[in-house]
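So the chains spell out like this:
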Amino acid sequence: MKQSPPPVTATTANWTSSKPPLLRFLHECHAEFLAETGGAVANYIPELGKADPAHFGISLATLDGHVYEIGDTKVPFTIQSMSKPFVFALALDSLGAGRVESVIGVEPSGDPFNSIRLNAENHPFNPMVNAGAIACSGLIHAARGNGAFECIRQALGRFAGRELGVDEAVYASESATGDRNRAIGYLLRNNSVITENVPAVLDVYFRQCAILVTARDIAVMAATLANRGINPVTGEQVMTPYAIARTLSVMTSSGMYDFAGEWIYRVGIPAKSGVGGGILAALPARLGLGSYSPKLDKHGNSVRGIKVCEALSAHYDLHMLNRSDDARHSIIADYNIGKNPSRRVRRPQEQEILAKHFQEVRVIELVGTLSLSNVDYVSRRLAGGLRPQFVIFDLRRVTATTRAGARLISEAFKELAELGVTVILSGIKRTSREWTTISEWTGRLGNIRDFYLLDAAIEWAEDQIVYRYGGSIDFLETTELSEQPLLAGLTEEELTDLASRCAIRTYQPNEKIIAAGDPATSLFFLRSGVVHVTLPDGVRLATLTAGTAFGEMALLEPQRSADVLTDMSATAYELPIADFAHFRKQHPRACELIMRNLAMLLANRLILANAKVDLLTST
Ligand code: GLN
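Residues numbered from 1 in each chain as written. Predicted model: local features only at pLDDT ≥ 70, side-chain atom pairs only at ≥ 80, totals over all residues. Heavy atoms only, no water.

A.B. asks: Before we move on, can you summarise the site of the ligand with the specific residues and values?
C.D. replies: Close to the ligand lie Tyr44, Gln80, Ser81, Phe113, Asn130, Glu174, Asn181, Tyr205, Cys209, Tyr257, Gly274 and Val275. Between the ligand and the protein, one listed contact pairs an oxygen atom with a side-chain N or O atom of tyrosine 205 at 2.8 Å. In the environment of the ligand, a nitrogen atom lies 3.0 Å from a nitrogen or oxygen atom belonging to the side chain of tyrosine 257. Considering the ligand on its own, with 300 Å² of exposed area, one finds that the protein chains cover 99% of that surface. At a threshold of 2 Å from the grid points, most atoms of the ligand map onto the second largest cavity. Tallied by class, residues from the shell around the ligand come to 6 nonpolar, 5 polar and 1 charged. (Near = heavy atom within 4 Å. Polar contact = N/O pair within 3.5 Å; in protein donor to acceptor, adjacent residues only side chain to side chain. Areas by Shrake-Rupley, 256 points an atom, 1.4 Å probe, with all protein chains shown as cover. 1 Å grid on protein atoms, 1.4 Å probe; cavity = no way out; pocket = protein on both sides within 12 Å on 5 of 7 lines; lining within 4 Å. Sits in = over half its atoms within 2 Å of the grid points. Nonpolar A, V, L, I, M, F, W, Y, C, P; charged D, E, K, R; others polar.)

Structure, rendered in structure tokens:
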């Protein structure tokens, strides 16, 4: 029997309830590694031994602030050693790198986390092992006294985006049994790494290790590290990018203790684990991962957490050293105004000048990130062509600017200025992050112009070319009907007849002459001033100066498709369509000419529009 195909039941409900692929992947990881029961819950801190070994949560935070969660992501557990990177960052930021580096090294030790060995200078090897972390807490204590712990708790809370509490039982349990850490504390004081009251410093350290977090918190904290210190959920700049980069560096070399080399070799994502069962992984510019599963391997790292990180890195090829980039994609279009003039309708004298000097204005439309490689490539492309007088960089598709990119582009601008080339930026607002980054370096150059609309930038550069080559644009000049391209070829008598059927209108600046949607009952010949044609959504279609027609589509269409507004005071001849019909009866030859002129004007506009589309598709 022939089977009929299943009915198609796609609905919006089906679509919205489907899982994003990354969440689906985390679900699969969770299901697969739930079966992993190896390892042992830490019990050298007795209270930690009470953790439920079955708990398993994975959370992943993206840098746009989205958090994926699967499993026990709301179960609180103690942060333990995952506090170390954050306290190190806090020490760098609040005390300065010099102070911190004077007593704590940044070399991997290759030792377990609780090793009592110090380096050749009798300093802790790095801030990720207990000795270094206790030294860090000592530095904060020296600076803040009794307020040290509160300062740390609040800093960690800013990374998590919420107030964090303390597990008093775990704190008390470690405080009662932590003699090995006490031994480290006294060894540090013996070597003048800490000069403080050792029990007070250890109290800060034990409390910071007992701060309660969830897998979700850890993911957000990791994402903040991955995002140069900006919490992607709250938007707060929690620490300086400087402190964050140094912190990620020591996480890379030492975050996983005596497993660190193997970890970075295989997984390639800076990470930190804690004996409470958490793992934090921060992939710069990409994501933050938090996992919770209390059973640990012999290095003190969560068995399931390690598996999740390995799987994520392998499946999506995330090893941080396995990267490449192609700067050639950063230019989406590169042309001069011969191919793509502004939408300003030019009069014959201006057209002539622009036709001769079109190579003087070069437009480069950029896309993506202004990075070192991308800007370098752009600067070489620029040097390759004829030297123009104006270069417009359109940045409307630029999504980010690195500091290196901003510095290099400012150096390129400086060189262009020295060569007498004027730089114009478009597609960028002065209030944007890009503008701030670029102007940090270019601030003193002063010769850069900016226009939000590319068309306005091109129009301005064209004007400069017209001025430079002897043309003048007189906005106050009044033109006659005989100068209208739409009326080219009409006799004196025909023009006089037409003029007698027109009314002369006067408009104030910013007045709406035509509104989209209105019936098209007349056409206009601009006599003086400037008007612009815009779509209802604000897109400027054209700028018209005296001597050109608008609303001429009324000859073809019954309804207005765009608004026409004045830029400055203007005057125009208005010709009602009904009167044009009478004129047509008396002067059929003139009307045929007008329709032919209209066809030519429309054809030219179409050619330009096609060229614009081509510019983007062919580069
Ligand atoms: N509080 C724990 C300790 O000092 C932290 C160790 C860890 O998480 N690796 O032993």
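Back to the text.
A.B. asks: Go over the nonpolar core, please, and point to the residues and values.
C.D. replies: Counting 74 residues, the largest nonpolar core has Leu156, Met221 and Leu225 as its most contacted members. If one sorts the elements of this core by residue count, helix H6 (residues 148-160) sits on top with 8 residues. Residue contacts for leucine 156: discarding those within four places in its chain leaves Ile79, Ser83, Phe86, Val87, Leu164, Ile211 and Met221. With 28 residues, the next largest nonpolar core counts Phe259, Leu283, Ala311 and Leu318 among its residues. (Core = buried A, V, L, I, M, F, W, Y, C linked by side-chain atoms within 4.5 Å. Buried < 20%, exposed > 50% of the residue type's maximum accessible area, 1.4 Å probe, protein only. Helix = DSSP H or I, 4+ residues; strand = E, 2+ residues; numbered from the N terminus. Contact = heavy atoms within 4.5 Å.)

A.B. asks: Lay out helix H7 (residues 168-177) in plain terms, naming residues and giving numbers.
C.D. replies: Buried within H7 we find Val170, Tyr171, Ser173 and Glu174. Along H7, the residues classed as buried sweep out an arc of 165° about the axis, all on the same side. Tucked into the core, H7 has its buried residues touching strand S4 (77-78), helix H8 (179-190) and helix H9 (198-209). Looking at where H7 begins, the residue whose side-chain oxygen comes 3.1 Å from the main-chain nitrogen of alanine 169 is aspartate 167. (Arc of directions from axis to C-beta.)

A.B. asks: Help me get a handle on the layout of surface pockets, residues and values and all.
C.D. replies: Estimates place the volume of the second largest pocket at around 1,300 Å³. Along its surface, the second largest pocket is lined by 31 residues, and Ala226, Asn227, Arg228, Ala285 and Thr402 are the ones closest to its centre. Only helix H10 (215-226), helix H11 (241-254), strand S13 (390-401) and helix H17 (433-442) provide two or more residues apiece to the lining of the second largest pocket. Among the elements that line the lining of the second largest pocket, the one with the most residues is H11, at 6 residues. The residue inventory of the lining of the second largest pocket, partitioned by class, reads 14 nonpolar, 9 polar and 8 charged. (Points joined across faces, edges and corners; volume = space filled by probe spheres on them.)

A.B. asks: Just give me the short version of the environment of glycine 255, but keep the residues and values in it.
C.D. replies: Position of glycine 255 relative to the elements: it lies in the loop between H11 and helix H12 (260-266). On the basis of relative accessible area, glycine 255 is assigned to the buried category, the value being 0%. Placed 126 residues apart in sequence, glycine 255 and valine 129 show a C-alpha to C-alpha distance of 8.0 Å.

A.B. asks: Go over helix H16 (residues 403-418) with me, naming the residues and quoting the values.
C.D. replies: Compared with the 22 Å implied by 1.5 Å per residue over 16 residues, the 23 Å span of H16 between its first and last C-alpha is a close match. Inspection of H16 places Gly405, Ala406, Ile409, Ser410, Phe413 and Leu416 among the buried residues, and these make up the whole buried set. Taken around the axis of H16, the buried residues stretch over an arc of 130°, which confines them to a single face. Among the exposed residues of H16, those pointing more than 90 degrees away from its buried face are Glu415 and Glu418. Just downstream of H16 lies glycine 420, where phi reads positive at about 80°. (Expected span 1.5 Å × (residues − 1).)

A.B. asks: How would you summarise the side chain of serine 83 if you had to cite specific residues and measurements?
C.D. replies: Along the chain, serine 83 falls in helix H3 (residues 83-95). Polar side-chain contacts of serine 83 include one of 2.8 Å to the backbone oxygen of glutamine 80. The residues contacting serine 83, other than those within four sequence positions of it, are Leu156, Gln208 and Cys209.

A.B. asks: Lay out the packing of aromatic side chains with the relevant residues and their values.
C.D. replies: As enumerated under the stated definition, the model contains 12 aromatic pairs in all. Relative to tryptophan 263, the ring of phenylalanine 259 has its centre 6.4 Å away and its plane inclined at 55°; by these criteria the two rings are tilted. This pair shows no difference in class: phenylalanine 259 is buried, exactly as tryptophan 263 is. Of the aromatic side chains, those joined through ring pairs into one cluster are Tyr44, Phe113 and Tyr257. (Phe/Tyr/Trp six-rings, centres within 6.5 Å; stacked < 30°, edge-to-face > 60°.)

What is shown is where atoms sit, not what they do.
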